[in-house]
Amino acid sequence: MLFAALPFGVLAADGAEEPVLVDISFNNAEINSTFDPETHDYLLILKEVGTTPTLASYKIEGEANLFVNYKYDEMKHQTGIVVTLEFSSGSALYNFNYKNAEFYDKNSNNYLESVNCNIGFVYPEISNDVTEYTIYIPSDLTTLSISAVTQKVSAYCDAPPKEIKLKSEQVLDIPLIVTASNGEKRTYSFAVKRTNQKTDEFLKAVQSGKTEQFVKKEHFYNNPEFIIAVCVTVIAIAVLYLLFRISRRFTIKVTDGDEKDFFEM
């Protein structure tokens, strides 16, 4: 059985001694019965058959982390979701098996739905029109874990190693290949960029939604304003140099070349 893990590192509110998953819901899917923290196996009914369900919302009482894992069979078809609630004293698993997954007929959809990493964020947002992305990470991160899920349950993404060891000055480009059920492949590229902030500061910025500071700094030299300013400066220097050369050519000589020197008279 294969898994593709999508971590959600949001911490629940403090206060409860034993963390409990109180409620959970998914996009494009409904749980076959009312969610009960004491029940760990459910059927998941897909609203749009063939489209991957994603986490919509959840509520935790206590302090814990929630992880979403996609299950695959030996043919690399999605069969369900495993939700893991991890806390300091242990963990709890909840299984959501697809009840009405489509018959896996051949189609050409080889698009990614989402990509997540343990500590970092992807820019820009995943879309059908873009295949090159950047993953921004803290300056001191030594291990990177990323996971991806496809739009269609019948497609499959070749996952990278579970843990990628990073060197301080390493330039890393991670390829992800999505294969549609008809065999057509699409290659995505994810360039890993270190920011100038360490993990604690980086996480605070990400959790507060202030990720634009990293993107703006990275793309500063590509901004139209910067490019225009550089062009204007270069043109101004060129004009000044040209005027200087012209002025030298038309400078009036103060002596006549044919005139004899005074002392030679």
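Residues numbered from 1 in each chain as written. Predicted model: local features only at pLDDT ≥ 70, side-chain atom pairs only at ≥ 80, totals over all residues. Heavy atoms only, no water.

On to the overall build of the chain. Summing up its helical and strand segments, the chain has three helices and 17 strands in all. Contacts in the chain between residues at least 24 apart in sequence constitute 61% of all its contacts with a sequence separation of at least 6. Carbon and sulfur atoms form 54% of the exposed surface of the chain, whose accessible area is close to 17,000 Å². (Helix = DSSP H or I, 4+ residues; strand = E, 2+ residues; numbered from the N terminus. Contact = heavy atoms within 4.5 Å. Areas by Shrake-Rupley, 256 points an atom, 1.4 Å probe, with all protein chains shown as cover.)

Before going further, it helps to examine the sheet that holds strand β11 (residues 132–137). Strand order in this open sheet of five strands is β10-β11-β17-β16-β14, and the pairing throughout is mixed. On the outer flanks of this sheet lie β10 (121–123) and β14 (156–158), each paired with one strand and no other. The average angle at which neighbouring strand axes cross in this sheet is 30°, direction not considered. Across eight bridges, strand β16 (residues 172–179) lies against strand β17 (residues 185–194) in antiparallel orientation. Residue pairing in the sheet places D173 in a bridge with A191 of β17. (Pairing = 2+ DSSP bridges. Axes fitted to C-alpha atoms, helices over the stretch in contact; angles between N-to-C directions.)

Before going further, it helps to spend a moment on helix α1 (residues 199–207). Restricting attention to buried positions, one finds in α1 the residues T199, F202 and A205. Buried residues in α1, looked at end-on, bunch into an arc of 130°, giving them a common side. For α1, the exposed residues lying more than 90 degrees away from the buried face are D200, K204 and Q207. Where α1 ends, the next residue or the one after it, G209, has phi of about 80°, a positive value. (Buried < 20%, exposed > 50% of the residue type's maximum accessible area, 1.4 Å probe, protein only. Arc of directions from axis to C-beta.)

It is worth spelling out the pairing of β17 at this point. In this sheet, β17 lies alongside β11 in parallel orientation, the contact comprising six bridges. Bridge pairing in β17 places I137 opposite R194.

Attention shifts here to the confidence of the model for the chain. In the predicted model, the chain carries a mean pLDDT of 81, and 79% of its residues have values of at least 70. Within the model, pLDDT remains below 50 along residues 1–6, and this stretch shows 28 contacts once partners closer than five positions in the same chain are excluded. (pLDDT = per-residue confidence, 0-100.)

This part takes up the packing of aromatic side chains. Going through the model one piece at a time under the given rule, you end up with eleven aromatic pairs. Between F26 and F96, the ring centres sit 5.1 Å apart and the planes meet at 65°, which makes this aromatic pair edge-to-face. Of the two residues, F26 is situated in strand β2 (residues 20–27) and F96 in strand β8 (residues 90–98); the sequence distance between them amounts to 70 residues. F96 matches F26 in its accessibility class, with the two residues each being buried. One aromatic cluster is present, formed by F26, F35, Y42, Y94 and F96 through successive ring pairs. (Phe/Tyr/Trp six-rings, centres within 6.5 Å; stacked < 30°, edge-to-face > 60°.)

So, about a nonpolar patch on the surface. Judged by side-chain polarity, I235, V239, L240, L242, L243 and I246 come together as a nonpolar surface patch covering roughly 580 Å² of accessible area. Here I246 shows up in helix α3 (residues 224–249). (Patch = residues over 30% accessible without salt bridge, like charges linked within 9 Å, V, L, I, M, F, W, Y side chains within 5 Å. Salt bridge = Lys/Arg side-chain N within 4 Å of Asp/Glu carboxyl O.)

Geometrically, the link from Y123 to P124 is a cis peptide bond, its omega value of -10° lying close to zero. A positive phi angle, close to 65°, is found at N28, a residue other than glycine. Secondary-structure assignment places N28 in the loop between β2 and β3 (29–31). The exposure class of N28 is buried, given its relative accessible area of 17%. Of note, the phi angle at K76 is positive, near 65°, even though the residue is not glycine. In this fold, K76 is placed in the loop between β6 (65–72) and β7 (78–87).

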